[in-house]
Amino acid sequence: MPTSIVLISTCKHGGCMITIGKIPQKVKTFFRPIHNAVSAHVYTYYCDLVLAMCISHGSTLERLVNLLRNRPHRTNHGEFLWRSQFDEMAVVQNQALAMLKRLYRRSCQECLLIIDDTQTIKRAKKMQAVGKIHHHASGKYGMGHTILKACLFYRGITIPLGSWLYVKKEHAKNLQVPFKKLTKLAGEIVRNADIPDTFDVTVLFDAFYLCSEVVNACQARNWRYIGVSKSNRWLKVHSVKHKIGSYGKNILNHSGRWYSLQGLRKTASYKLAQRLGTMNKLGLIKVVFSKRRNDRTVIALVTNDLHLSMKKIVSRYLKRWAIEVMIKEQKQQLGLGDYRVWRYRAIVRHLCLVDSAYACLTHVGVNDQHAQGNKNHAKNMLSVPPIRQLKARMNQIIWQHEVQNVIKCSHEKTVIRRLEKLLAA
């Protein structure tokens, strides 16, 4: 890719924005895993769109293309999304694996694989795979897409593993894709997750995915799982059947004990009790009943690890909130639902681009910790700023990189001094 100069262009609303040229040196290592896996054409388009998402205030093709220096027509990028030959899922997963290996420490082998789904409301009636959905956030029905998300959580860092667009049975035949239920997709995610054996993997999911499809996939990989049980499920303890909901309340009232547990961001008090039993299609399992202080809701956590303590089961499941934070940040900061393309393949690739942009910004946050000599980077747990702050940091990185290129190429002292002042500011 030729060396380029950063441009300050005027947007339609009268403001100024930075245009992207050459990939900054600080993020080149992030794109290295896919450099040899795809063609030069795909690599250029993919990196351009990911970097544009990292600094853009929206992820429609028009906005992203306006941030690129060469400014090709947006239809070129639209065709790239559905016509280019490459495996977008493999790209995201290779980046996730590279970051996981980079963060690996022998003293911390616990890795969480978290699965959840989300919805996007779409008004376009001709957009492929659009169907009637129940929107969780609003509690209403509407037209849109259901997206299955998976991420890794290791040493306090959330790493996107992929996004899968759910296609209903009535649409699958026209799109020439095999119909798969959400639970089957989740099971395939577990079976196909490329996580090295050096990690101690725990799979986390909510009540919808506590089924034989996902559980059998976890057992095939010799991984433990922790999931929530619905209150109307039956638990057999000593040959006696109990409804999980009412049984859990009684157990907590009679034998529950209070513990202070560390969640994703803060510590809280929880009343815990446990029982061993069997559940239909799950076999022998351990159930931990949990209730947070000043909260009447009782949660029943189910796991296949009969030797894991109550405190570890609950504290690990509390980390499931990491995927909720990731989905919220992807929607608000990276435009997860901003796609305006109608082809199924283009939609899937947009979702993968968002995952790559999230991972790229996380890469920048981890790099900054190491560069600043932060003492926390030597510990097992790390912490990176929110995506909103990392986007501002990426803007700064692109600006500094391109101004330095101008300084190297310019022989005018007044220009160099002016640019150096701008860079210092």
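Everything in this summary refers to the structure shown in the same document. (Residues numbered from 1 in each chain as written. Predicted model: local features only at pLDDT ≥ 70, side-chain atom pairs only at ≥ 80, totals over all residues. Heavy atoms only, no water.)

1. Some remarks on the overall build of the protein
Thought 1: Tallying secondary structure elements over the protein gives 14 helices and 14 strands in all.
Thought 2: The 425 residues of the protein split such that 52% are buried.
Thought 3: At a minimum sequence separation of 6, the contacts of the protein that also span at least 24 residues come to 63%.
Thought 4: In the structure as shown, the protein presents an accessible area of about 21,700 Å², 48% of it carried by carbon and sulfur atoms. (Helix = DSSP H or I, 4+ residues; strand = E, 2+ residues; numbered from the N terminus. Buried < 20%, exposed > 50% of the residue type's maximum accessible area, 1.4 Å probe, protein only. Contact = heavy atoms within 4.5 Å. Areas by Shrake-Rupley, 256 points an atom, 1.4 Å probe, with all protein chains shown as cover.)

2. Observations concerning unusual backbone geometry
Peptide bonds are, in most cases, trans, and in most cases residues other than glycine have a negative phi.
Thought 1: Located in the positive-phi region is Ala129, a residue other than glycine, with phi close to 70 degrees.
Thought 2: For Ala129, the position within the fold is in the loop between β3 (110-121) and β4 (131-135).
Thought 3: Phi is positive for Gln176, close to 60 degrees, though the residue is something other than glycine.

3. Quick notes on the nonpolar core
Thought 1: Grouped together as the largest cluster of nonpolar side chains are 135 residues, with contacts concentrated most on Phe31, Tyr46, Tyr225 and Met394.
Thought 2: If you tally residues by element for this core, the top one is helix α12 (residues 344-371), at 15 residues.
Thought 3: The residues touching Tyr225, leaving out its near neighbours within four places in the chain, are Val203, Phe205, Leu210, Val215, Cys218, Gln219, Leu282, Ile285, Val302, Thr303 and Asn304. (Core = buried A, V, L, I, M, F, W, Y, C linked by side-chain atoms within 4.5 Å.)

4. As for the pattern of salt bridges
Thought 1: A complete count under the given rule lists 12 salt bridges for this structure.
Thought 2: In this structure, Arg316 and Glu110 form a salt bridge, with 3.4 Å as the shortest nitrogen-oxygen distance. Remark: Glu110 occurs in strand β3 and Arg316 occurs in helix α10 (residues 310-318); sequence separation between them is 206 residues.
Thought 3: One salt bridge connects Arg224 with Asp305, and the closest N-O pair in it is separated by 2.8 Å. Pair noted here: Arg224 is in strand β8 (residues 224-228) and Asp305 is in the loop between β14 (299-303) and α10, with a separation of 81 residues, a long-range link. The same class applies to Arg224 as to Asp305, namely buried.
Thought 4: Through salt bridges that share partners, Glu88, Arg345 and Arg349 make up one connected network. (Salt bridge = Lys/Arg side-chain N within 4 Å of Asp/Glu carboxyl O.)

5. Description of the packing of aromatic side chains
Thought 1: With the rule as written, the count across this model stands at 9 aromatic pairs.
Thought 2: Each ring, one from Tyr104 and one from Phe199, has its centre 5.1 Å from the other, and the planes form 70 degrees; the classification is edge-to-face. Of this pair, Tyr104 sits in the loop between α5 (88-103) and β3 while Phe199 sits in the loop between α7 (182-192) and β7 (200-205); the two residues are 95 residues apart in sequence, bridging distant segments of the chain.
Thought 3: By relative accessible area, which is 28% here, Tyr104 ends up partly exposed.
Thought 4: Taking 4.9 Å as the distance between ring centres and 85 degrees as the angle between the ring planes, the aromatic pair formed by Phe208 and Tyr209 counts as edge-to-face.
Thought 5: Taken together, the aromatic side chains of Tyr45, Tyr46, Phe80 and Phe86 make up a single cluster linked through ring pairs.
Thought 6: Between the NZ or CZ atom of Arg293 and the centre of the ring of Trp258, over which it lies, the distance is 4.1 Å. (Phe/Tyr/Trp six-rings, centres within 6.5 Å; stacked < 30°, edge-to-face > 60°. Lys NZ or Arg CZ within 6 Å of the ring centre and 35° of its normal.)

6. Focus: helix α2 (residues 40-55)
Thought 1: Here α2 contains 16 residues, and its C-alpha end-to-end distance of 23 Å stays within 8% of the 22 Å for a straight helix at 1.5 Å per residue.
Thought 2: For α2, a buried count of 13 out of 16 residues is recorded, marking the element as mostly surrounded by other parts of the structure. (Expected span 1.5 Å × (residues − 1).)

7. Here we look at helix α1 (residues 25-35)
Thought 1: Regarding α1, the residues found buried are Val27, Phe30, Phe31 and Ile34. End-on, the buried residues of α1 take up no more than an arc of 85 degrees, which puts them together on one face. Opposite the packed face of α1, turned more than 90 degrees from it, sit the exposed residues Gln25 and Arg32. (Arc of directions from axis to C-beta.)

8. Observations concerning the pairing of β4
Thought 1: As paired elements, β4 and strand β5 (residues 140-154) share 5 bridges and run antiparallel to each other. Considered in β5, the bridge of His135 is made with Lys140.
Thought 2: Between the end of β4 and the start of β5, which pair antiparallel, lie 4 residues, with Gly139 showing a positive phi angle near 75 degrees. (Pairing = 2+ DSSP bridges.)

9. Quick word on the layout of surface pockets
Thought 1: As a volume, the largest pocket reaches approximately 590 Å³.
Thought 2: As for the largest pocket, its lining consists of 21 residues, and the residues nearest its centre are Tyr270, Arg292, Tyr317, Leu318 and Trp321.
Thought 3: Grouping the amino acids of the lining of the largest pocket by side-chain chemistry returns 11 nonpolar, 4 polar and 6 charged. (1 Å grid on protein atoms, 1.4 Å probe; cavity = no way out; pocket = protein on both sides within 12 Å on 5 of 7 lines; lining within 4 Å. Points joined across faces, edges and corners; volume = space filled by probe spheres on them. Nonpolar A, V, L, I, M, F, W, Y, C, P; charged D, E, K, R; others polar.)

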